[in-house]
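Notes for the structure review
So the chains spell out like this:
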Amino acid sequence: MTLPLPGLIKLLRGAKVRKENRMKAKDIISPRSASAGSLPQRNVSAETALVDVLPRLLDTADRRLGVTEGDSLLGIIDEASLLEGLGRLIAPRDDSSTVTLRVSPSAYSASQIAHAVEDADVHLVDLWSAPGEGDMLTVTLRVRTSDPSGVTSSLERYGFDVVEASGETNRNMETAMERILSLNTLLGV
């Protein structure tokens, strides 16, 4: 995976985000643990700002940094965990909902799911599938509507088992707007 990290550094430095909302190294530690023989070449403090982590990550051959607190290694930052952390800068929209389905692998069809969502006059934003319980798949959808009831009805008409549906709300609009501004600055939009 190759990231345009040098450009991101410049954009992140220009982002106007309140100090308490700035991401730190400890916020983007990879959930994947380091094996005994593959410790990172360099380390950063858990409190190091994300904007200062980026150039250090670029300077390592293996594109990994250890995150330490005192003498303890808390975890590792790699490019994947960096992207996941940047993704958390995106605030959820007020007009989005999440719907979770349980589907057998033989009945799974992303296009059929998309058609069911479209039949409810709703835009499908994201679709993720992952192994579920037993031999079933768990499929999570993010749809552009604050009330997912029409989408759930349509999915059920198509024969899908809806296990959960919830609307998204932004309770802290100020934080959301700051995150959107930061992301816009980061992406150069």
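Residues numbered from 1 in each chain as written. Predicted model: local features only at pLDDT ≥ 70, side-chain atom pairs only at ≥ 80, totals over all residues. Heavy atoms only, no water.

Digging into the overall build of the chain
Convention followed: Secondary structure counts use DSSP, requiring at least four H or I residues in a row for a helix and at least two E residues in a row for a strand, with both numbered from the N terminus. Throughout, a contact is declared for two residues whenever any of their heavy atoms are within 4.5 Å. Only the protein chains shown count as cover for residues, and the accessible areas themselves come from Shrake-Rupley with a 1.4 Å probe.
In terms of helices and strands, the chain carries six helices and seven strands. Each helix (α) and strand (β) of the chain, taken in turn from the N terminus, gives the series α-β-α-β-β-α-β-α-β-β-α-β-α. For the chain, the share of sequence-separated contacts (at least 6 apart) that also reach a separation of at least 24 residues comes to 66%. Carbon and sulfur atoms provide 50% of the accessible area of the chain, an area that totals close to 10800 Å².

Examining the pairing of strand β3 (residues 72–78)
Selection criterion: Note on pairing: two strands pair once DSSP finds at least 2 bridges between them.
Bridging between strand β2 (residues 64–69) and β3 involves six bridges; their strand directions are antiparallel. Each residue of the ladder has a partner; that of threonine 68, found in β3, is leucine 73.

Observations regarding the sheet that holds β3
To be explicit about the condition: Structural elements are reduced to axes, namely lines fitted to C-alpha atoms, with helices fitted over the stretch in contact, and the angle between N-to-C directions of any two is expressed from 0 to 180 degrees.
Here three strands make up an open sheet; going across it, the order is β1-β2-β3 and the pairing mixed. Looking at strand neighbours, the two that pair on one side only are β1 (42–45) and β3, the edges of this open sheet. Within the sheet, the average angular offset between the axes of one strand and its neighbour, ignoring direction, is 35°. By the bridge criterion, four bridges tie β1 to β2 in an arrangement that is parallel. When the bridges of β2 are listed, asparagine 43 appears paired with glycine 66.

Things to note about the environment of leucine 83
This is how the line gets drawn: Burial here depends on accessible area, computed with a 1.4 Å probe over protein chains only, as a share of the maximum for the residue type. Under 20% is buried, over 50% is exposed, and the range in between is partly exposed.
Tracing the chain through its elements places leucine 83 in helix α3 (residues 79–87). For leucine 83, a relative accessible area of 37% puts it in the partly exposed group. Considered as a pair, leucine 83 and isoleucine 28 are 55 residues apart in the sequence and their alpha carbons are 8.7 Å apart.

Here's the deal with the packing of helix α4 (residues 110–119) against helix α5 (residues 149–157)
Our working rule: By definition in this entry, angles of less than 35 degrees are roughly parallel, angles greater than 145 are roughly antiparallel, angles of 65 to 115 are roughly perpendicular, and the rest are oblique. By definition, any crossing whose near helix is turned counterclockwise from its far helix by less than a right angle is left-handed, and any crossing with a clockwise turn is right-handed.
Their axes nearest at 8 Å, the elements α4 and α5 cross at an angle of 135°. As far as their axial angle goes, α5 and α4 are oblique. Of the two elements, α4 crosses α5, and the hand of that crossing is right-handed. Residues Ile113, Ala116, Val117 and Asp119 of α4 pack against Val151, Ser154 and Leu155 of α5.

Some thoughts on the sheet that holds strand β6 (residues 137–143)
Judged by pairing direction, the sheet is antiparallel, and its four strands sit side by side in the order β5-β6-β4-β7 without closing on themselves. The outermost strands of the open sheet, each flanked by one partner alone, are β5 (124–131) and β7 (161–167). This sheet shows a mean twist of 15° between the axes of neighbouring strands, independent of strand direction. Relative to β7, strand β4 (residues 97–103) runs antiparallel, the two being bridged by six bridges. If you follow serine 97 over to β7, its bridge partner there is glycine 167.

Points about α4
Convention followed: As used here, the arc belongs to the directions running from the helix axis to the C-beta atoms.
For α4, the set of buried residues is Ile113, Ala114, Ala116 and Val117. Within α4, the buried residues cover an arc of 160° as seen down the axis, which keeps them to one side. Of the residues trailing α4, aspartate 121 is marked for its positive phi of about 60°.

Concerning the pattern of salt bridges
A side chain with one charge can pair with a side chain of the opposite charge if their charged atoms come near. Here is the rule: We define a salt bridge as a side-chain nitrogen of Lys or Arg found within 4 Å of a carboxyl oxygen belonging to Asp or Glu.
Across all of its chains, the model carries seven salt bridges by this definition. With its nearest N and O atoms 3.7 Å apart, the salt bridge here joins aspartate 161 to arginine 102. A residue pair is termed long-range when its members are at least 10 positions apart, and aspartate 161 in strand β7 and arginine 102 in strand β4 qualify at 59 residues. Looking at aspartate 161, the relative accessible area reads 36%, which means it is partly exposed. For arginine 142, the salt bridge goes to aspartate 126, with nearest N and O atoms at 2.4 Å.

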